[in-house]
Amino acid sequence: MRKVWFVIFCLFAFVFASNSAASLRAFEAGGRSFKLETTAIGSAEFVSLFDLSKAIGGTLTCDEWTRCLEMRASGKSFRFMPSSRAVLIDNDDCLYLPNAVTEIKGDALVSTAFITSILPDYLKSSGGAKSGGTSGKKLVVIDAGHGGHDTGAQGGGRNEKDITLDVAKRVRDLLTGMGYRVIMTRTSDVFLELPDRSDIANKNGADIFVSIHVNDAANTAACGTETYYLSKVQVDNDYHARRLESSSYGYELRRRWKALTAKMKSVLRQQHYQTTQQKSKLLAEKIQRRLASAAGGDNRGVKGKNLSVLRNSYCPCCLVEIGFISNWSDRKKLNSSAHKQAVANAIAQGIKDYLK
Ligand SMILES: [Zn+2]
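Residues numbered from 1 in each chain as written. Predicted model: local features only at pLDDT ≥ 70, side-chain atom pairs only at ≥ 80, totals over all residues.

A. A look at unusual backbone geometry. The phi dihedral of Ser 74 is positive, around 50°, even though this residue is not glycine. Within the element layout of this structure, Ser 74 appears in the loop between strand E5 (68-73) and strand E6 (76-80). (Helix = DSSP H or I, 4+ residues; strand = E, 2+ residues; numbered from the N terminus.)

B. Highlighting the confidence of the model for the protein. Averaged over all residues, the pLDDT of the protein is 79; the fraction at 70 or higher stands at 73%. A low-confidence stretch, residues 10-20 stays under pLDDT 50, and its non-local contacts, those more than four residues away or across chains, total 10 contacts. Taken together, the stretch residues 125-135 has pLDDT below 50 and engages in 16 contacts with residues farther than four places along the chain or on a different chain. (pLDDT = per-residue confidence, 0-100. Contact = placed C-beta atoms within 7 Å.)

C. Structural context of the packing of helix H4 (residues 160-177) against helix H11 (residues 337-355). With their axes 8 Å apart at the nearest point, H4 and H11 run at an angle of 50° to one another. Taken as axis vectors, H4 and H11 run oblique relative to one another. At the point where H4 passes H11, the crossing takes the right-handed sense. Between H4 and H11, the residues in contact are Asp 166, Val 167, Arg 170, Val 171, Leu 174 and Leu 175 and Lys 340, Gln 341, Val 343, Ala 344, Asn 345, Ile 347, Ala 348 and Ile 351, respectively. For the contact of H4 with H11, the per-class residue count stands at nine nonpolar, two polar and three charged. (Axes fitted to C-alpha atoms, helices over the stretch in contact; angles between N-to-C directions. Parallel < 35°, antiparallel > 145°, perpendicular 65-115°, else oblique. Left-handed = near helix turned anticlockwise from the far one by under 90°. Nonpolar A, V, L, I, M, F, W, Y, C, P; charged D, E, K, R; others polar.)

D. Summary view of the sheet that holds strand E17 (residues 299-305). What the six strands build is an open sheet, ordered E14-E11-E15-E18-E16-E17; its pairing is mixed. One side of each edge strand has no neighbouring strand; the edge strands of this open sheet are strand E14 (181-184) and E17. The average undirected angle you get between the axes of adjacent strands in this sheet is 20°. Bridge count for strand E16 (residues 225-230) against E17 is five bridges, and the pairing is parallel. Each bridged residue has a counterpart across the sheet, and for Thr 227 the counterpart in E17 is Val 302. (Pairing = 2+ DSSP bridges.)

E. Layout of the environment of Ala 86. Mapped onto the elements of the fold, Ala 86 is located in strand E7 (residues 86-89). Since 20 C-beta atoms lie within 10 Å of it, Ala 86 is described here as buried. For Ala 86 and Asn 99, which are 13 residues apart along the polypeptide, the C-alpha to C-alpha distance reads 9.2 Å. (Buried ≥ 20, exposed ≤ 12 C-beta atoms within 10 Å, placed from the backbone.)

F. Quick peek at the pairing of E16. Judged by how many residues are buried, E16 sits mostly within the fold: six of six residues are covered. Bridge count for E16 against strand E18 (residues 317-324) is three bridges, and the pairing is antiparallel. Its bridge partner being in E18, Glu 226 is matched across the sheet by Glu 321.

G. Layout of the nonpolar core. If you look at the biggest cluster of nonpolar residues, it comprises 84 residues, and the most contacted ones within it are Val 110, Val 140, Ile 208, Val 210, Cys 318 and Ile 347. A domain split of this core shows at least three residues from each of domain 1 (2-123) and domain 2 (139-355). Ignoring anything within four residues of it in the chain, the contact list for Cys 318 reads Val 210, Thr 227, Tyr 228, Tyr 229, Ser 280, Leu 283, Ala 284 and Ile 287. (Core = buried A, V, L, I, M, F, W, Y, C linked by C-beta atoms within 7 Å. Domains from an automatic or database assignment.)

H. Highlighting helix H5 (residues 194-203). Within H5, the full set of buried residues consists of Leu 194, Pro 195, Arg 197, Ser 198, Ala 201 and Asn 202. Down the axis, H5 shows its buried residues gathered within 155° of arc, on one side only. Phi for Gly 205, located one or two positions after H5, is positive at around 65°. (Arc of directions from axis to C-beta.)

Here it is, written out as structure tokens:
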């Protein structure tokens, strides 16, 4: 196997050496200093995964059928797929490289950003997994549902998009006061596609993602709060999910998924469902417990649903419905600043309960 890789590498090195695009660069990771041949492709710089594995005393294995590459070093597992920016670490964290792993003549090239910005965090010590980005503070991404031309539900002259933004800003301020880092998917009345919302969480390595919404029902007696976590139970028969998939962001989702190979999709999906779903459910429970007592109305509980905005987030995530715009009493409450503050406080406290 190593021999094959070596031959492939030599062939590859020869091709690139003859293109004069390769040069030697010094790196440091996991207490080792080493030099690797780098290859410039466009404005990006790459190194061979095989070279890198050797340099840090690790191993590289390749599943030739699925083309999934696994590098093991310092007791950590890093999984890569050609044409994907995703790196799956210990089957738990999914981080993104600035450039996709590129496969040239059987060799896999990874962005040097992997060595400079991801590897050091994991090779520092065997127990030192990263969390919450570089500052050490947990990172929460808060998503104010809808925005721009997408008003969300409407009732009594009010738009869901305005209520969600108001509450989201309050949650942000409360969480910041508690010492968390917070990124909002939007801070003004703008439209964002659903995949872009979860991408913000994915790209920033968020610890959790919470989407805030206001409910709507034909039955105007329906009132109170509920919190959703991602469940694939409804994948095949959920009308709402099907409608989402056939819309414009459904197209965008399919385009992005197409760029990944089948194995990576299944690895990511499996990872998401198995690891994240349980955490997401716990997060939803923590928030709903606080929210139900603060918001009043019916406690409609925690529910699993196959929602697009949750499906594409690789960290624990949930969607909070803070009341019904279609219900007179809920709507009246959501007009009150004091009530919105209480709701925001419940969400922030629930997040804190989870992150503890
Ligand atoms: Zn909504």
